[in-house]
Amino acid sequence: QVQLVESGGGLVQPGGSLRLSCEASGSIFSINAMGWHRQSPGKQRELVARITSSGNTNYAASVKGRFTISRDNAKNTVYLQMNSLKPEDTAVYYCNADIKPRLWSADLNYWGQGTQVTVSS
């Protein structure tokens, strides 16, 4: 089995920073793309940022220039550095990864349990 475990969420004031981490563990042969999504009450889950195994990144327009996604392939971990946070960034943030559990298997999509980020004064 594969698990994704997020950490680093919390309460922060507007203009502040947080760093989210997500570690993948379990039966893993290789990890392709990893990313972060978020969902706030009454809204659909949206892509925040994504990074491929070779390090190519893309971001939602609303976070470009403020958030940075990175990964440590040796640790099977993806990070999201969030700066200049705004109240509208408040949401549950979910980690997502395309993982090949075994050499002969296809990539499967896995999700973490989510971590709450609240931006408020």
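Residues numbered from 1 in each chain as written. Predicted model: local features only at pLDDT ≥ 70, side-chain atom pairs only at ≥ 80, totals over all residues. Heavy atoms only, no water.

Q: Would you take a moment to explain the nonpolar core for this structure?
A: In summary, soluble globular proteins display a tendency toward joint burial of nonpolar side chains. Ranked by size, the top nonpolar core spans 29 residues in total, and within it W36, L80, M82 and Y93 carry the most contacts. Taken together, the elements giving at least two residues each to this core come down to β1 (2–7), β3 (18–26), β4 (30–39), β5 (46–51), β7 (67–72), β8 (77–82), β9 (91–100) and β11 (115–119). The greatest single-element share of this core, amounting to five residues, is contributed by β9. Y93 has contacts with E6, L20, W36, H37, R38, V48, F67, L80, M82, G114, T115 and V117, leaving out every residue within four places of it along the chain. (Core = buried A, V, L, I, M, F, W, Y, C linked by side-chain atoms within 4.5 Å. Buried < 20%, exposed > 50% of the residue type's maximum accessible area, 1.4 Å probe, protein only. Helix = DSSP H or I, 4+ residues; strand = E, 2+ residues; numbered from the N terminus. Contact = heavy atoms within 4.5 Å.)

Q: Looking at this structure, I do not really get the pattern of salt bridges. What am I missing?
A: Where charged atoms from two side chains of opposite charge come close, those side chains can pair. Inspection of every chain in the model, using the stated rule, returns four salt bridges. For R38, the salt bridge is made with D89, and the minimal N-O distance between the two is 2.9 Å. Here the residue R38 occupies a position in strand β4, and D89 occupies one in the loop between β8 and β9, the gap between them amounting to 51 residues. Taken as a pair, R38 and D89 share a single burial class, namely buried. For D107, the salt bridge is made with K100, and the minimal N-O distance between the two is 3.8 Å. For D107, a relative accessible area of 35% translates into the label partly exposed. Each of R38, E46, R66 and D89 takes part in salt bridges that share partners, so that together they form one network. (Salt bridge = Lys/Arg side-chain N within 4 Å of Asp/Glu carboxyl O.)

Q: Where do I start with the environment of G35 in this structure?
A: When you line up the elements, G35 lands in strand β4. With relative accessibility at 1%, the residue G35 sits in the buried group. Taking the C-alpha atoms as reference points, G35 and A97, separated by 62 residues in sequence, lie 6.3 Å from one another. Residues within four places of G35 in sequence aside, it is in contact with A49, R50, I69, Y94, C95 and N96.

Q: Got a minute to help me understand the state of the cysteines in this structure?
A: Working definition: the covalent bond between the sulfur atoms of two cysteines is a disulfide. The tally for this structure, following the rule as stated, stands at one disulfide. Shown here is the disulfide that connects C22 with C95, its sulfur atoms set 2.1 Å apart. Residues C22 and C95 are joined through a disulfide that is left-handed, its torsion about the S-S bond being -80°. Of this pair, C22 sits in strand β3 while C95 sits in strand β9, and the two are 73 residues apart along the sequence. In this structure, C22 and C95 share a single accessibility class: buried. (Disulfide = S-S within 2.5 Å.)

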